[in-house]
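Report on the structure
Residues per chain, in single letters:
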Amino acid sequence: MGFLDVILGRGKPVLPDLDRLFALPSAAVTLQAGAGFVPTGRGSVCFASVEGGAFDRIREDVRALLDADTGRGGVPVEFSRDSYGYTWLLARQPADDPAALVNDLHAVNTLLQEGGFGPQLLCSLMGFRDAGGRPLALVYLYKRGTFYPFAPLPGGADRRDNGLELQARALLESELPVERDLGRWFPVWGAPGL
C-alpha cells in the first residue's frame, strides 16, 4: 500500500480465500437446526466471461471435471448467461451431501483462479429451502471474502424476505465471515441454484 493509498483511505483489497467455501456444510447444519432450511443440492458460480481460447479451454476443463461422474448417474453441469451478460455455472449433487457440492464449486473457482481468471470470479452460492418451499441462498463474494444470505420472496416479484436474511445472518455470524455492509448484499434474482 502506497502513501497516496493511505491518504485517500484506500486499503488493500481482500484476496479471495476459496477455502472459505468449505465452511458451508457446517453452516448448512446450523441453518437446518436453527431455521429449518435444508440444502437443495444445487449451487452455482458466477463469473464475467472473457473471449478467447484460453478461457474456452478452462471452461471445457471445468465441464470435463464436473461431468466425469455423469456415467454413474451424476447430473451434468449447466452454463447459462444472465441479463447482465455474466456466466453462471450450475452444479448439482445429492441434497444430503453438501460437502460434494462445495467440492464442485471449489474446483470451478480453483480452475478459474489458477488459469489467471480469478478477477472474473464474482460470487458462488449454495441453495436451501424450508418445509414450506421458501428459498434461501448463501452467497460468497470473492472480492470481499464474505458471505451473505439472500432470500427472494416466491412469486417472481423481485422482492426479498429481509427478516429471513437477518435471521440467517444472526444464526451464521459465528460460522461464516458475514458481510457487515448490508449495501453489499446484492440481489441475485433468478440465479441458478436458488
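Residues numbered from 1 in each chain as written. Predicted model: local features only at pLDDT ≥ 70, side-chain atom pairs only at ≥ 80, totals over all residues. Heavy atoms only, no water.

1. A look at the environment of P39
For P39, the position within the fold is in strand 1 (residues 38–48). The buried category is assigned to P39, whose relative accessible area is 13%. With residues near it in sequence (within four places) discarded, P39 still touches A28, A95, P98, M126, G127 and F128. (Helix = DSSP H or I, 4+ residues; strand = E, 2+ residues; numbered from the N terminus. Buried < 20%, exposed > 50% of the residue type's maximum accessible area, 1.4 Å probe, protein only. Contact = heavy atoms within 4.5 Å.)

2. With respect to the pairing of strand 3 (residues 86–92)
Counting buried residues along strand 3, 5 of its 7 residues qualify, which places the element largely inside the surrounding structure. Here strand 2 (residues 78–81) folds back onto strand 3 in antiparallel fashion, the turn holding 4 residues, of which G85 has a positive phi close to 90°. (Pairing = 2+ DSSP bridges.)

3. A look at the packing of aromatic side chains
Two aromatic rings are characterised by how far apart their centres lie and by the angle between their planes. All chains considered together, the criterion is met by 4 aromatic pairs. Three or more aromatic residues joined by ring pairs make a cluster, and in this case those are Y140, Y142 and F147. (Phe/Tyr/Trp six-rings, centres within 6.5 Å; stacked < 30°, edge-to-face > 60°.)

4. Notes on the packing of helix 2 (residues 24–35) against helix 5 (residues 162–172)
It is at 10 Å that the axes of helix 2 and helix 5 come closest, and there the two elements cross at 120°. Between helix 2 and helix 5, the angle is such that the two are oblique. Seen along the crossing, helix 2 lies across helix 5 with a hand that is right-handed. For the pair helix 2 and helix 5, the contacting residues are A27, T30, L31, G34 and A35 in the first and Q167, A168, L171 and L172 in the second. (Axes fitted to C-alpha atoms, helices over the stretch in contact; angles between N-to-C directions. Parallel < 35°, antiparallel > 145°, perpendicular 65-115°, else oblique. Left-handed = near helix turned anticlockwise from the far one by under 90°.)

5. Here's the deal with the pattern of salt bridges
A full pass over the atoms with the stated rule returns 7 salt bridges. For E179, the salt bridge goes to R144, with nearest N and O atoms at 2.8 Å. Linking E179 in the segment after helix 5 with R144 in the loop between strand 5 (135–141) and strand 6 (146–150), this pair joins segments that are 35 residues apart in sequence. Its relative accessible area of 3% is what places E179 among the buried residues. Residues participating in the shared-partner salt-bridge network are D130, R134 and D161. (Salt bridge = Lys/Arg side-chain N within 4 Å of Asp/Glu carboxyl O.)

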